[in-house]
Amino acid sequence: MTLCIGVGINGSDAEPSGGGSSIHGGKVASRKKRTCSAYFAGSKAGGPDEKGSGEYEVPCEDAELGSFSGGCYYKKADPQPAAGDSAWRGHQPGDGAIYQRSCPFGIPGNEVLAEGFVWMAQPPTAAAVDPAQLAQQAVDKMRLAGPDIASPRAAGEYVVGVPMWMWVDQSPTTYGPNSASATAGGVTVTATAKVSKIVWTMGDGSIVICHGPGKTYSPVYGRQESPSCGHTYAATSASQPSGAYTVTATSTWTVDWQVAGGGGESGRLVESRQSQMQVAIGELQVVR
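The structure displayed is predicted, hence computed values, not measured ones. (Residues numbered from 1 in each chain as written. Predicted model: local features only at pLDDT ≥ 70, side-chain atom pairs only at ≥ 80, totals over all residues. Heavy atoms only, no water.)

## Remarks on the overall build of the protein
1) Next: The helix and strand inventory of the protein stands at two helices and 21 strands.
2) Next: Within the protein, the fraction of its 288 residues that count as buried is 39%.
3) Next: Taking as baseline every contact in the protein between residues at least 6 positions apart, the subset at least 24 positions apart corresponds to 63%.
4) Next: Entry remark: accessible area of the protein is about 15,400 Å², with carbon and sulfur atoms responsible for 51%. (Helix = DSSP H or I, 4+ residues; strand = E, 2+ residues; numbered from the N terminus. Buried < 20%, exposed > 50% of the residue type's maximum accessible area, 1.4 Å probe, protein only. Contact = heavy atoms within 4.5 Å. Areas by Shrake-Rupley, 256 points an atom, 1.4 Å probe, with all protein chains shown as cover.)

Listed below in structure tokens is the structure:
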């Protein structure tokens with residue numbers, strides 16, 4: 001008979017995952033992903049089902065399967081089966097609860113652990129919950145995107161030596177604020193994200209850092225420079241492969257999170273997202 005036993009909790013580096021709009025921007029910093037160790041003991045040495053023994057790592061929390069405990073995942077059935085359902089094993093609703101149990105390694109020959117639903121008087125003892133990982137799950141729910149560039153416009157007419165005003169439209173997914181929560185093992189973390197700065201790479205070697213969405217241009221400003229976010233090109237884009245400069249706007253999202261309840265743990269995450277725009281810069285034509 002094979003046996004799978006969950007033991008221990010580990011921290012392993014998870015690769016940064018991407019997100020964003022026209023370009024997928026990665027995380028500014030990688031995060032620790034909470035993993036649990038599971039020990040798999042093979043059947044009798046030399047037997048036909050011999051698989052050896054070893055230690056395996058699995059996520060302590062899985063969005064679909066629930067919490068890892070004792071070698072299997074458990075997730076409370078929602079809705080709970082009706083009274084009289086065989087899953088209750090003679091118990092009544094309210095007397096404990098029914099959980100979906102999933103054993104990722106399979107346990108051949110063990111009918112109890114192979115069941116899909118089990119009755120439990122108390123919730124299974126789940127692995128310790130990492131609030132920072134829950135905060136990341138909350139961020140993933142927000143679907144944060146790159147800047148929604150309002151200016152410069154791809155169809156806009158821009159010329160050398162004339163100040164260009166740059167600004168972005170604001171929404172919860174492209175600028176914030178944006179909030180979401182995630183829960184696991186009785187712990188709830190709420191995260192709030194907002195863009196703290198946008199770095200514009202103008203395509204001509206210039207970089208402009210703007211600590212805000214930028215001010216919307218109006219013809220009444222004439223040829224004034226933007227008071228908050230702008231750039232003036234010194235050369236046309238005629239020499240560029242596409243005849244236009246590639247402008248990349250990278251937003252930095254600052255995410256503050258806190259565990260629900262007074263005095264709970266808190267922290268901060270940093271995310272980045274990008275958007276691009278092609279901008280043609282011409283020469284000012286003088287009519288005589």
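Past the structure itself, the notes keep going.
## Some remarks on the packing of aromatic side chains
1) Next: Applying the stated rule across the entire model yields five aromatic pairs.
2) Next: Ring geometry for F68 against Y73: centres 5.2 Å apart, planes inclined by 65°, an arrangement best described as edge-to-face.
3) Next: Between the aromatic rings of Y233 and Y245, the centroid separation amounts to 4.8 Å while the plane-to-plane angle is 5°, which identifies the pairing as stacked. In this pair, Y233 is assigned in the loop between β18 (230–231) and β19 (245–259) and Y245 in strand β19, connecting sequence segments 12 residues apart.
4) Next: The buried category is assigned to Y245, whose relative accessible area is 4%. (Phe/Tyr/Trp six-rings, centres within 6.5 Å; stacked < 30°, edge-to-face > 60°.)

## A few points about unusual backbone geometry
1) Next: The residue after D78, namely P79, is reached through a cis peptide bond having omega 5°.
2) Next: Inspection of the secondary structure puts P79 in the loop between β8 (72–76) and β9 (97–102).
3) Next: A cis amide bond links G176 with the next residue in sequence, P177, at an omega value of 0°.
4) Next: Among the secondary structure elements, P177 is positioned in the loop between β14 (167–169) and β15 (178–184).
5) Next: Phi angles above zero are rare outside glycine, and R89 is one such case at about 50°.
6) Next: Among the secondary structure elements, R89 is positioned in the loop between β8 and β9.

## Here's the deal with the nonpolar core
1) Next: Within the largest apolar cluster, 38 residues are counted, with the highest numbers of intra-cluster contacts made by M164, W200 and M202.
2) Next: When contributions to this core are tallied by element, the ones reaching two or more residues are α2 (131–142), β15, β16 (187–201), β17 (207–210), β19 and β20 (266–279).
3) Next: Residues Y74, Y99, C103 and V118 belong to the second largest nonpolar core, which totals six residues. (Core = buried A, V, L, I, M, F, W, Y, C linked by side-chain atoms within 4.5 Å.)

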